[in-house]
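# Per-entry structural report
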Amino acid sequence: MNSLLRTTVRDPARPAPVERFRGQSRRRLVRADLLTVLAWASVAAAIALWLADGGATGFSTLAGTFTALGIVAGLAGMDLVLLMLLLAARLPVIDNAVGHDRALEFHRKLGKPSLYLLLAHGILIAAGYGMAEGLNPVSELVSLWVQVPDMWLAIVSLALFIAVVVTSLVAVRRRFPYEFWYAVHLLTYVAVLTAIPHQFSTGALFAEGTWQRWYWLVICIGTGAALVHYRVLEPLVATVRHRLTVRRVVTEGPGAVSIELAGRHLDELAGSGGRFFIWRFLAPGAWWHPHPFSLSAEPAVFDSSGRGTLRITVRNLGRGSAQLTRLRSGTRVAIEGPYGLFSTAARSRNHVVMIGAGIGITPIRALLERTPFEPGNATVILRGHSEAELYLGTEILDLCRRRGATLFHVTGPRSAGGPTWQSEAAVRSGHRLASYAPDVADSDVYICGPSTWARSAISEARAAGVPDEQLHYERFDW
Ligand SMILES: Cc1cc2nc3c(=O)[nH]c(=O)nc-3n(C[C@H](O)[C@H](O)[C@H](O)COP(=O)(O)OP(=O)(O)OC[C@H]3O[C@@H](n4cnc5c(N)ncnc54)[C@H](O)[C@@H]3O)c2cc1C
């Protein structure tokens, strides 16, 4: 069934600041471009500094050429690994420019190239050293292992990188629970640490009086400091400062509950609607399991000390989320965040289209609450198997009425004729995205829902002429 609801109530408190959105979007895209240039420049700098410190002399013989190429591969590989760590460090400058999920997408894309470079490093160095000493690469590797004190650590490091990259490949990842993949991923830090000693003993990377020494010291210490600050210290400070506790758990529909949390200084989180936090509920059996959940309402602040409430809406999809449906009030909660660009910070246009499916509807509810638009300039499309699965549907209807947004419910079974974000009935009726939102090409389009569904919605938005910089989506998978 498709239903259309529309109101024309004006909301004079929030005029649509078109110019601000265009300016904000331009600045964000420039920041994203600068970060990309900086990332690739760091690889070029690592190689240029090695050349400046006399690295090119190795190219005078064949053995030297193999060794030199091995060093170049090692430098580029190590630089990419540090970039991957920075992309996963949740740095605000990266999150605000490209969003958390795109940062992780880039992080994932660098996984295989960095592994290939590190493998090439090991093979080329063994071949180069072997040629110089009249040994084959395998014997040279064994001799390095036995004779060079830190070489076994470098080989362990390479083995750990292989384990991390292989378990991150989509096909392999799906076979394991999230926790296993997460634990293996933590080995990246061990892999980086075990790679460093051989750079002191055999490589001249940290040799006194070289430019390389300063470059690598700065990026290694900088990356370590960023990880400790943003992944450990900031979450600890946020947890202590906001002192969140569960206030109540409310059933919202089949298998879904809203968890309301009370806390302090929540005014500092204002404008977060649609963004997500990583939550750790400090209850027996649940405290060790961090979950990313998006806010399903703007933070509500009651007084000048910032006392108020936050709300998330959780669908019971597995053991961990099932436990959350039984949380007791008063349970303490640790948080990391907010993260992501599924918010007004990503806006670039006056018109906005918000499309949510299943539990992905809930951040749409939060975004709809405050994101600025003129009545008539916003379209909300909710997709679910049945009306009961349009989570927070009544609140969304009420918000659409109050703010003058057009609302569509697209319910019913999926189309059998291939992947589509709509129902069978809607496809048969010939509905396209532009049938719901004729201005879609000139709108910001927010999409949130299961990954296959979201891919289909994104590709239809692109086909309807929505440029990539106007497309904003949140992935709920890992
Ligand atoms: C940015 C983001 C925002 C999200 N927002 C919401 C939300 O508002 N409401 C909601 O109900 N769900 C949301 N999710 C999905 C939610 O985090 C997972 O469904 C939940 O953590 C599953 O926990 P579990 O122990 O029940 O899952 P498991 O039993 O371990 O597995 C069930 C499913 O959840 C996936 N999963 C498990 N842990 C994670 C994790 N840490 N990150 C991502 N996927 C995981 C598994 O791959 C599996 O598909 C969000 C996910 C992301 C990445």
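Throughout what follows, the structure given in this document is the object of discussion.

Definitions and limits used
Residues numbered from 1 in each chain as written. Predicted model: local features only at pLDDT ≥ 70, side-chain atom pairs only at ≥ 80, totals over all residues. Heavy atoms only, no water. Helix = DSSP H or I, 4+ residues; strand = E, 2+ residues; numbered from the N terminus. Buried < 20%, exposed > 50% of the residue type's maximum accessible area, 1.4 Å probe, protein only. Contact = heavy atoms within 4.5 Å. Areas by Shrake-Rupley, 256 points an atom, 1.4 Å probe, with all protein chains shown as cover. Lys, Arg positive; Asp, Glu negative; His and termini not counted. Charge placed at Lys NZ, Arg CZ, Asp CG, Glu CD. Patch = residues over 30% accessible without salt bridge, like charges linked within 9 Å, V, L, I, M, F, W, Y side chains within 5 Å. Salt bridge = Lys/Arg side-chain N within 4 Å of Asp/Glu carboxyl O. Pairing = 2+ DSSP bridges. Phe/Tyr/Trp six-rings, centres within 6.5 Å; stacked < 30°, edge-to-face > 60°.

When helices and strands are tallied, the protein chain shows 15 helices and 13 strands. Expressed as lengths along the three principal axes of its C-alpha atoms, the size of the protein chain is roughly 80 × 50 × 45 Å. Across the 478 residues that make up the protein chain, the buried fraction comes to 50%. In the protein chain, 74% of the contacts between residues at least 6 apart in sequence involve partners at least 24 apart. Of the roughly 22,200 Å² of accessible surface on the protein chain, a fraction of 63% belongs to carbon and sulfur atoms. Side chains of the protein chain carry 47 positive and 36 negative charges; the gap between the two charge centres is 6 Å.

On the surface, V138, V142, W145, V146, W152 and V156 cluster together into a nonpolar patch covering about 590 Å² of accessible area. Elements with a contribution of two residues or more to the nonpolar patch: α5 (137–147) and α6 (151–168). If you tally residues by element for the nonpolar patch, the top one is α5, at 4 residues. Looking at the secondary structure, you find W152 in helix α6. Given the relative accessible area of 43%, W152 is considered partly exposed.

Here we take up the pattern of salt bridges. For the structure on display, the rule yields 16 salt bridges. Where R349 meets D442, a salt bridge forms, and the shortest distance between an N and an O atom there is 3.1 Å. Placement of the pair is R349 in the loop between β8 (332–339) and β9 (351–357) and D442 in the loop between α14 (433–436) and β12 (443–448), with a sequence separation of 93 residues. The class of R349 is buried, set by a relative accessible area of 18%. A residue is classified by how much of its surface remains accessible, and D442, at 38% relative accessible area, is partly exposed. The partner of R365 in a salt bridge is E369, with the nearest N and O atoms 2.7 Å apart. Taken together, the positions of R365 and E369, both in helix α11 (residues 361–370) and 4 residues apart, correspond to about one turn of that helix.

Ordered in space as β5-β4-β8-β2-β3-β7-β6, the 7 strands form an open sheet in which the pairing is antiparallel. The sheet terminates laterally at β5 (291–294) and β6 (300–301), the two strands that pair on one side only. Pairing of strand β2 (residues 244–253) with strand β3 (residues 256–263) involves 7 bridges; the strand directions are antiparallel. Along β3, the bridge assignment pairs T251 with V257.

Of note, the amide linkage connecting G337 to P338 takes the cis form, showing an omega dihedral of 5°. Here P338 shows up in strand β8. Unlike most non-glycine residues, H265 shows phi in positive territory, near 55°. Assignment of secondary structure puts H265 in the loop between β3 and β4 (276–281). A positive phi is found at L392, a non-glycine position, where the angle reads about 60°.

With that out of the way, let us pick up the environment of R102. Turning to its location among the elements, R102 is positioned in helix α4 (residues 100–133). Since its relative accessible area comes to 31%, R102 is described here as partly exposed. Expressed as a C-alpha distance, the spacing of R102 and L341, which sit 239 residues apart in the sequence, is 9.6 Å. Setting aside anything within four residues of it in sequence, one finds R102 in contact with L471 and Y473.

Right, let's talk about a positive patch on the surface for a bit. Together, R22, R26, R27 and R31 line one region of the surface with positive charge. If you trace the backbone, R31 turns up in helix α1 (residues 18–52). On the basis of relative accessible area, R31 is assigned to the partly exposed category, the value being 36%.

The final tally for this structure, using the stated rule, is 9 aromatic pairs. When the ring of Y215 is compared with that of W216, the centres are 5.3 Å apart and the planes differ by 90°; the resulting orientation is edge-to-face. Geometrically, the ring pair formed by F408 and Y436 is edge-to-face, given 4.9 Å between the ring centres and 80° between the ring planes. Separated by 28 residues along the polypeptide, F408 in strand β11 (residues 406–411) and Y436 in helix α14 bring together distant segments of the chain.

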